[in-house]
Amino acid sequence: FAVILFPFLFGIMFGDVGHGALLLLFAGLMIAFEGKIGKMQLDDIGAMCFGGRYILLLNALWSMYVGLLYNECFAVPMDLFGSRVLSDDPDAGTYPFGIDPVWHHAENKIAFFNSYKMKLS
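Residues numbered from 1 in each chain as written. Predicted model: local features only at pLDDT ≥ 70, side-chain atom pairs only at ≥ 80, totals over all residues. Heavy atoms only, no water.

Quick notes on the overall build of the protein chain
1) Next: On a plain count of helices and strands, the protein chain comes out with six helices and two strands.
2) Next: Listing every helix and strand of the protein chain by position from the N terminus yields α-α-α-α-α-β-β-α.
3) Next: In summary, the protein chain has a C-alpha radius of gyration of 18 Å against a globular reference of 14 Å for 121 residues, an excess of more than 25%.
4) Next: In terms of overall dimensions, the protein chain has a C-alpha envelope of 60 × 25 × 25 Å along the principal axes.
5) Next: When each of the 121 residues of the protein chain is scored for burial, the buried share is 26%.
6) Next: Long-range contacts, defined as pairs at least 24 residues apart, comprise 62% of the intrachain contacts of the protein chain with a sequence gap of at least 6. (Helix = DSSP H or I, 4+ residues; strand = E, 2+ residues; numbered from the N terminus. Rg over C-alpha atoms; globule rule 2.2 N^0.38 Å. Buried < 20%, exposed > 50% of the residue type's maximum accessible area, 1.4 Å probe, protein only. Contact = heavy atoms within 4.5 Å.)

This is the structure:
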């Protein structure tokens, strides 16, 4: 239960596609070279990171998924499908996946995103 719940909550707090990709690269390298790294003498932080490499992998995957929901990459808003609020098309409908990018420019952006994150968690 905690093995999935912790990375999910980490993803909600750290939700960003770009930062999640960097964490995925770091965890993937530790997993790919675990035989080599396991034989090395690591300091405290290195040993802790190496011991939790699979949790870091799950953290990275959830962070990237939630980052897609937040439409953020390296803390910069992504506009994958074009804003539906600013569309001239009356049949545009709702934003297909995640948060409409127009929320990143709203005056109440922080209050909205904090409320959204609380509801997700």
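Some thoughts on the nonpolar core
1) Next: Counting residues in each nonpolar core, the largest one holds seven residues, listed as Leu23, Ala27, Met30, Ile37, Phe50, Leu56 and Ala60.
2) Next: Elements with a minimum of two residues in this core: helix H2 (17-32) and helix H5 (53-70).
3) Next: Val66, Tyr70, Ile99 and Phe113 belong to the second-largest nonpolar core, a separate cluster that totals five residues. (Core = buried A, V, L, I, M, F, W, Y, C linked by side-chain atoms within 4.5 Å.)

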